[in-house]
Amino acid sequence: MNDYDLVVIGSGPGGERAALQAASFGKTVAIVERASEPGGAAVHTGTLPSKTLRETALYLSGHRKRELYGVGVNLERSATLQTLMRRKRSIAAVESKRIRAELSELNVEFVSGHGKLDGPGRVSVESDGTTRVLSTDKIVIATGSSPRRPPDVEFESPRIHDSDLVLEIDVIPASMIVLGGGVIGCEYACMFAALGVAVTLVDARMELLSFLDHEIRDRLESAMLELGVTLVRPRRWGPVRDVGGAAEVEFDDGSTMRAEQVLFAAGRVGCTSDLGLQSVGLEHCMRGCLSVDENFQTSAENIYAVGDVIG
């Protein structure tokens, strides 16, 4: 007999729902999470924190229009993102508590540590120098994704950020270059512009968010221009450096552009590099993602994958 009917690796939205759904059918379930609290990027680095900042940006951008009536609201230059997002920690704590309560109510065991595949039907969990092996009938991989980090981008600089680290900026910059016109890049470009930052959004493609209907895409672009966002496209970039006092982006034609801060928001990769895929004969694609069929099953027997880790 195995320890569990199902072991889920990762407690973001996909992993949480998979664990709860299986438990609601009376299955014995464990969910493994390497972070101290459940919720994944949605709660701690991405969705919830960015929407907290979005509410502030919406408030400020809306109230600036009151200048038509002789009333204006301006953001102090000394303000910090942490000041504007002071509610983030309390909201994240409440959400983590909710997830733990739901898991506990359905008797899902929350296992803290770095979980990885250890052969068919086995998940090893490393925590504080000890290793625990969980045997299971089925496994769901829900480890999510992380920002892509090309080697020619100096992320070690305090002026150059990926989408997970950008909200840790202390003082709100006067200017920012956003590289990548996808969902994340467009969202942050709009939010920082609403906060009074001079934003330049650069994308390698001519059209932003090409999956949208053109009417919606055109309206988004006009709204971004109204906010003061400068759109540069199509333009391909190369190295991104800290040149002392500024962040510099070099383009493929040899030209450069500088700003106080740079946000690199061009793609994400699946979190599979240290997952032990080789122990069950799985491989990921060049972006670190796993392939699944219409039932979310991988090519390995009884191993499934959901969420950002499948692209």
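Residues numbered from 1 in each chain as written. Predicted model: local features only at pLDDT ≥ 70, side-chain atom pairs only at ≥ 80, totals over all residues. Heavy atoms only, no water.

Novice: What's the story with the pairing of strand β12 (residues 237-242) in this structure? I'm lost.
Specialist: Two faces belong to every sheet, and in a regular strand the side chains alternate between them. One ladder, built from 4 bridges, connects β12 with strand β13 (residues 247-251); its direction is antiparallel. Of the residues in β13, the one forming a bridge with Asp242 is Ala247. Hairpin connection, β12 to β13: the antiparallel pair is bridged by 4 residues, and Gly244 has positive phi, about 85°. (Pairing = 2+ DSSP bridges. Helix = DSSP H or I, 4+ residues; strand = E, 2+ residues; numbered from the N terminus.)

Novice: What is the right way to read the packing of helix α1 (residues 13-24) against helix α5 (residues 88-105) from this model?
Specialist: Remark: α1 packs on α5, axes separated minimally by 10 Å, with the N-to-C direction vectors making an angle of 25°. Put simply, α1 runs roughly parallel to α5. Here α1 runs over α5; the crossing is left-handed. Contacts between α1 and α5 pair Glu16, Arg17, Ala19 and Leu20 from the former with Arg98, Ile99, Glu102 and Leu103 from the latter. A class-by-class count of the residues in the contact of α1 with α5 yields 4 nonpolar, no polar and 4 charged. (Axes fitted to C-alpha atoms, helices over the stretch in contact; angles between N-to-C directions. Parallel < 35°, antiparallel > 145°, perpendicular 65-115°, else oblique. Left-handed = near helix turned anticlockwise from the far one by under 90°. Contact = heavy atoms within 4.5 Å. Nonpolar A, V, L, I, M, F, W, Y, C, P; charged D, E, K, R; others polar.)

Novice: Would you explain the pattern of salt bridges in this entry?
Specialist: Pairs can form between side chains of opposite charge once their charged atoms are near each other. Evaluated as defined, the whole model comprises 21 salt bridges. Between Arg217 and Glu207 there is a salt bridge, with its nearest N and O atoms 3.5 Å apart. In this pair, Arg217 is assigned in helix α7 (residues 214-227) and Glu207 in the loop between β10 (198-202) and α7, connecting sequence segments 10 residues apart. As a salt-bridge pair, Arg258 and Glu248 come within 2.9 Å of each other at their nearest N and O atoms. One end of the pair, Arg258, is in strand β14 (residues 256-259); the other, Glu248, is in strand β13, with 10 residues separating them in the sequence. (Salt bridge = Lys/Arg side-chain N within 4 Å of Asp/Glu carboxyl O.)

Novice: Is there a simple way to explain the sheet that holds β13 in this structure?
Specialist: The 3 strands lie next to each other as β12-β13-β14, forming an open sheet whose pairing is antiparallel. Both edges of this open sheet fall to β12 and β14, since each of them pairs with a single strand only. Each adjacent strand pair in this sheet contributes to an overall mean axis angle of 20°, direction not counted.

Novice: Please clarify how unusual backbone geometry should be interpreted in this entry.
Specialist: Excluding glycine, residues mostly have negative phi values, and the peptide bonds linking residues are mostly trans. Here the amide bond leading from Arg233 into Pro234 is cis, since omega sits at -10°, within 30 degrees of zero. Assignment of secondary structure puts Pro234 in the loop between β11 (230-232) and β12. At Asn302, a position not held by glycine, the phi torsion is positive, near 65°. When you line up the elements, Asn302 lands in the loop between β16 (268-270) and β17 (303-305).

Novice: Would you mind showing me how to read the environment of Phe155 here?
Specialist: Of note, Phe155 is situated in the loop between β7 (145-147) and β8 (160-162). Look past the residues within four positions of Phe155 in its chain and what remains in contact with it is Arg148, Arg149, Pro150, Ile160, His161, Asp162 and Phe264.

Novice: Which parts of the structure should I look at to understand the sheet that holds β8?
Specialist: Strands pair in a sheet through their backbones, by hydrogen bonds, and they do so in one of two ways: parallel or antiparallel. The sheet built from 5 strands is open, its strands ordered β8-β15-β9-β10-β11 with parallel pairing. The open sheet has two edge strands with one neighbour each: β8 and β11. For this sheet, the mean angle separating the axes of adjacent strands, direction not counted, is 20°. Seen against the sheet, helix α6 (residues 183-194) touches β9 (175-179), β10 and β15 (261-264) and runs at an angle of roughly 165° to β10.

Novice: Would you mind going over the packing of aromatic side chains with me for this structure?
Specialist: For any pair of aromatic rings, the description rests on two quantities: the centre-to-centre distance and the angle between the ring planes. Tallied over the entire structure, the rule returns 3 aromatic pairs. Between Phe155 and Phe264, the aromatic rings sit 5.9 Å apart at their centres with planes inclined by 85°, giving edge-to-face as the arrangement. Pair noted here: Phe155 is in the loop between β7 and β8 and Phe264 is in strand β15, with a separation of 109 residues, a long-range link. For Phe155, a relative accessible area of 9% corresponds to the buried category. Ring geometry for Tyr188 against Phe192: centres 6.3 Å apart, planes inclined by 40°, an arrangement best described as tilted. Separated by 4 residues within a single helix, Tyr188 and Phe192 lie in helix α6, roughly one turn from each other. Look at Phe192 and you get buried, because its relative accessible area is 0%. (Phe/Tyr/Trp six-rings, centres within 6.5 Å; stacked < 30°, edge-to-face > 60°. Buried < 20%, exposed > 50% of the residue type's maximum accessible area, 1.4 Å probe, protein only.)

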